[in-house]
Amino acid sequence: MEAALIIFALMVLFTFLGLGVYATVKVVGAAKRGVDRTITQARRTVEDTTLRAKSFGQVGVTGALAQLRLDLRTSMRSTQQALHEGARLDASLRESIALFERLSAHGRELDDELKRLEQDPDRRRIEERLPDLRERTAKITHAADSLRWAARDRASRFAEDDLSALSAQIEMESGALRDWSREPVDDLAAAAAEWDAAQQAQGAQQAQPAQQREQPQKAALNPAAPAPEYPWQKTRRPESTT
C-alpha cells in the first residue's frame, strides 16, 4: 500500500515537473520571438534612417541607390501591412496576399542586390546599371502600390455600402419610433373610455336590483286597496249565526 502511494506521488510530481518544463519552454520561446521581432524592427528602423540620410545627404550613385532601396522598402512594407490588416475582415484578400508574397521574393532579391552595390567600389559600372535598376524598382513598387490601393478601395467601398445600408435602416427605425410615439396616447385614451363605460354599466346594473327590491317592500307595508263595487253586483249576505 505504501509503495503504491509512493509511486502515485512520484507520478504526480513528475507530471507537475513536466508541465512546468513545458510552460517554461513556451514562455522562453515566446520571449525569444518577441526579442527577435524587437531586434528586427530596431534594425529595420536604423537601416531605413540610414538610407534616408544617404538619399538626402549624398549625391551620385550612393544617393541614387539609397533612394531606390528606400522607395522599394517603403512600398513593400506599406502594402504588406494593408493586405494583412484587410484580410482580417475580407477573406478574399488572401489571394492578393499570395500574389504579394511572390512579388516580395523579387523585392527582396532587388534589395539585396542594391545593398551589395552600395559596397561596390566600381561606381562607373553601377552608374551604367542605374536605368535598369530604376526600371525594376518601378515595376515592383507599381505592382505593390496597385495591390495596396486596390485593397484600400475595396475596404472603402464596403464601408460606404455598409454605411448606406445602416443609414437606411436608421431612417426606417426613426419613422417607426415616431409612429409608436403616438400609440401610447391613443391607447391610454381608449383605455380610459372603456373604463368609464364599464363603470357606468356596473352602476346601472347595481341600481336595477335596488329598485326591484324597493317595490315588494312598499306592497307589503301598505294595505291593499279595496276592490271596487259595481251596481250590478249582488249584495253580500251577512253570515248567519244559526
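Summary of the structure given here. Everything numeric in this text was worked out from a predicted model, so none of it was measured.

**Re the overall build of the protein**
What the protein contains, in helices and strands, is five helices and zero strands. For the protein, the α and β elements follow one another from N to C terminus as α-α-α-α-α. The buried share of the protein, reckoned over its 242 residues, is 18%. Expressed as a percentage of contacts within the protein between residues at least 6 apart in sequence, the contacts between residues at least 24 apart total 67%.

**Looking at the packing of helix H2 (residues 61-87) against helix H3 (residues 93-118)**
For any two helices packed against each other, one specifies the crossing angle of their axes together with the interaxial distance. For the pair H2 and H3, the least separation of the axes is 10 Å and the interaxial angle reads 160°. It follows that H2 is roughly antiparallel to H3 by the angle criterion. With respect to the hand of their crossing, H2 and H3 are arranged in left-handed fashion. A per-class count over the contact of H2 with H3 returns 14 nonpolar, seven polar and six charged.

**Some details on the pattern of salt bridges**
Under the criterion given, the structure shown has ten salt bridges. Between Arg129 and Glu113 there is a salt bridge; the shortest N-O distance is 2.2 Å. Note that Arg129 is positioned in helix H4 (residues 123-180) and Glu113 in helix H3, a separation of 16 residues in sequence. Residue class for Arg129 comes out partly exposed when judged on its relative accessible area of 32%. Given the relative accessible area of 12%, Glu113 is considered buried. Between Arg157 and Asp161 there is a salt bridge, with the nearest N and O atoms lying 3.5 Å from each other. Residue Arg157 and its partner Asp161 are both found in helix H4; the two are separated by four residues, about one turn of the helix. Overall, Arg157 belongs to the exposed group, its relative accessible area being 52%.

**Comments concerning the nonpolar core**
Core analysis: the largest hydrophobic core is formed by 21 residues, its most contacted members being Leu65, Met76, Leu110, Leu114, Leu130, Leu133 and Ile140. Elements supplying a minimum of two residues to this core: H2, H3 and H4. Among the elements that line this core, the one with the most residues is H2, at eight residues. Dropping the residues within four chain positions of it, Leu133 is found in contact with Leu65, Leu68, Leu110, Glu113, Leu114 and Leu117.

**A look at the packing of aromatic side chains**
Under the definition given, this model contains zero aromatic pairs. Over the face of the ring belonging to Trp149 we find Arg152, whose NZ or CZ atom lies 5.1 Å from the ring centre.

**Let's talk about a nonpolar patch on the surface**
A cluster of nonpolar residues, Leu163, Leu166 and Ile170, forms a patch on the protein surface that exposes about 270 Å² of accessible area. Inspection of the secondary structure assignment puts Leu166 in helix H4. Residue Leu166 is classed as partly exposed on the basis of its relative accessible area, which comes to 40%.

**Brief notes about the environment of Thr49**
Counting through the fold element by element, Thr49 comes out in helix H1 (residues 2-57). Residue classification places Thr49 among the partly exposed positions, given a relative accessible area of 44%. As a C-alpha pair, Thr49 and Leu70 span 21 residues in sequence and 9.2 Å in three-dimensional space.

The rules behind the values
Residues numbered from 1 in each chain as written. Predicted model: local features only at pLDDT ≥ 70, side-chain atom pairs only at ≥ 80, totals over all residues. Heavy atoms only, no water. Helix = DSSP H or I, 4+ residues; strand = E, 2+ residues; numbered from the N terminus. Buried < 20%, exposed > 50% of the residue type's maximum accessible area, 1.4 Å probe, protein only. Contact = heavy atoms within 4.5 Å. Axes fitted to C-alpha atoms, helices over the stretch in contact; angles between N-to-C directions. Parallel < 35°, antiparallel > 145°, perpendicular 65-115°, else oblique. Left-handed = near helix turned anticlockwise from the far one by under 90°. Nonpolar A, V, L, I, M, F, W, Y, C, P; charged D, E, K, R; others polar. Salt bridge = Lys/Arg side-chain N within 4 Å of Asp/Glu carboxyl O. Core = buried A, V, L, I, M, F, W, Y, C linked by side-chain atoms within 4.5 Å. Phe/Tyr/Trp six-rings, centres within 6.5 Å; stacked < 30°, edge-to-face > 60°. Lys NZ or Arg CZ within 6 Å of the ring centre and 35° of its normal. Patch = residues over 30% accessible without salt bridge, like charges linked within 9 Å, V, L, I, M, F, W, Y side chains within 5 Å. Areas by Shrake-Rupley, 256 points an atom, 1.4 Å probe, with all protein chains shown as cover.

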